[in-house]
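Single-letter residue listing:
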Amino acid sequence: MAGVLVFVSIVLITIYFREPASGGLHGVQSAGATVLRPFEVGAERVARPFRDAYGWFAGLFHGTSQHADLRDQVNALSSKVIQNQNATQENAELKKLLHYVSSTNFPNGYDYVPTAIISRPPNEFQQQIGIDAGRINGIRQDDPVVNADGLVGLVTKVAHNQAEVTLLTDPSLKVSAMDLTTKASGIVGHGQGRGTLILDRVSKSQTINPNDWIVTQGWRYGPLTSLYPKGIPIGIVAGASQNDTDLYWQIQLRPRVDFGALQSVLVLVPKNRR
């Protein structure tokens, strides 16, 4: 049966190509096309929404994929920018520390341990930072901590390879200090606001001027000495006032150290430590 159908098909194709355009087979083809045309149009109209939907989803998927790729590229570039900025800041701070160590302002009789800050105060009521050096590096409790700008604080806890530093802005920390110009002396402590300092216990008989530098006093009394070497910058006099009822000056200081931007510090270690 199949062979008969194939034979008939070959005969019809041969006749179709040999007869003129007005022949019978051409007429049958034209009539068939005319009959089937409405079905083709209908099928086209039915299929078009599905084809369009497929194209829309394909475009959406492609666009989403491109958006994800672009977002990943932006995130990667942002990370590189942040890393470069951090590296630039750390490099600048290290240069300042090296310049300070080699300058005449570095206190005599002390070695130093440079270290990075690894933890910061979780809130305004806690003023301690963690540093990446400890007992193994020669650090002990009550060692003073500085940076190139001035006094940062005091080592209050020491572990094997880490330590805790209480910042100068903590209410528990008090430092004997003096006016670098007039030599008026007092006690530096925590001020009213976060990160503020005051110079207290300065009698009215002493002179204090705005913009005077306040530095550590570095006293010595027999075998006893101050925890802080003499001449470490603390702050600048931002305001000083007095009234008839006060026994002392009311002095506000502008800290030299930016406590919120610390990246690395120097722990001062006495050379004569046994």
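Residues numbered from 1 in each chain as written. Predicted model: local features only at pLDDT ≥ 70, side-chain atom pairs only at ≥ 80, totals over all residues. Heavy atoms only, no water.

**Focus: the overall build of the protein chain**
Helix and strand counts for the protein chain stand at two helices and 14 strands. In the protein chain, which comprises 274 residues, the share counted as buried stands at 28%. Contacts in the protein chain between residues at least 24 apart in sequence constitute 55% of all its contacts with a sequence separation of at least 6. For the protein chain, the computed accessible surface area is about 17,700 Å², with 57% contributed by carbon and sulfur atoms. (Helix = DSSP H or I, 4+ residues; strand = E, 2+ residues; numbered from the N terminus. Buried < 20%, exposed > 50% of the residue type's maximum accessible area, 1.4 Å probe, protein only. Contact = heavy atoms within 4.5 Å. Areas by Shrake-Rupley, 256 points an atom, 1.4 Å probe, with all protein chains shown as cover.)

**Describing the pairing of strand E9 (residues 213-216)**
Here strand E6 (residues 175-179) pairs with E9 via three bridges, running antiparallel. When the sheet's bridge partners are listed, alanine 177 is paired in E9 with threonine 216. Inspection of the sheet shows E9 paired to strand E12 (residues 233-241) by three bridges, in the antiparallel sense. What sits directly across from valine 215, in E12, is proline 233. (Pairing = 2+ DSSP bridges.)

**Describing a nonpolar patch on the surface**
A cluster of nonpolar residues, Trp219, Tyr221 and Leu224, forms a patch on the protein surface that exposes about 380 Å² of accessible area. Tracing the sequence through the fold places tyrosine 221 in strand E10 (residues 220-221). With relative accessibility at 64%, the residue tyrosine 221 sits in the exposed group. (Patch = residues over 30% accessible without salt bridge, like charges linked within 9 Å, V, L, I, M, F, W, Y side chains within 5 Å. Salt bridge = Lys/Arg side-chain N within 4 Å of Asp/Glu carboxyl O.)

**As for the confidence of the model for the protein chain**
Confidence in the prediction for the protein chain averages 78 pLDDT; 65% of positions are at 70 or higher. Helix H1 (residues 2-18) is the least confidently modelled element of the protein chain, averaging 49 in pLDDT, while strand E3 (residues 144-146) averages 97, the highest of any element. Scored below 50 in pLDDT, residues 4-9 shows zero contacts in the model against residues more than four places distant or in partner chains. Confidence drops under pLDDT 50 across residues 28-33; counting only partners more than four residues distant or on other chains, this segment forms one contact. (pLDDT = per-residue confidence, 0-100.)

**Examining the pattern of salt bridges**
If you walk through the whole model with that rule in mind, you get two salt bridges. Lysine 96 is paired through a salt bridge with aspartate 149; the nearest N and O atoms lie 3.4 Å apart. Of this pair, lysine 96 sits in helix H2 (residues 24-101) while aspartate 149 sits in the loop between E3 and strand E4 (151-158), placing them 53 residues apart in sequence. Judged by its relative accessible area of 41%, lysine 96 falls in the partly exposed class. Note that arginine 273 is salt-bridged to aspartate 143, the shortest N-O span being 2.3 Å. Here arginine 273, found in the segment after strand E14 (264-270), pairs with aspartate 143, found in the loop between strand E2 (128-131) and E3; they are 130 residues apart in sequence, far enough to count as distant. Judged by its relative accessible area of 30%, arginine 273 is partly exposed.

**Some thoughts on the side chain of asparagine 147**
With respect to the secondary-structure elements, asparagine 147 resides in the loop between E3 and E4. Here the side chain of asparagine 147 touches aspartate 149 through a polar contact of 2.9 Å, landing on its backbone nitrogen. When near neighbours in sequence (up to four residues on either side) are disregarded, asparagine 147 contacts Leu97, Tyr100, Val152, Val257, Leu262 and Ser264. (Polar contact = N/O pair within 3.5 Å; in protein donor to acceptor, adjacent residues only side chain to side chain.)

**Overview of the nonpolar core**
The biggest cluster of nonpolar side chains holds 46 residues, and the ones touching the most others in it are Leu199 and Leu262. Considering each element in turn, this core owes the most residues, five residues, to E14. The contacts of leucine 262, once residues within four sequence positions are left out, are Ile117, Arg120, Ile129, Asn147, Val152, Leu167 and Val257. (Core = buried A, V, L, I, M, F, W, Y, C linked by side-chain atoms within 4.5 Å.)

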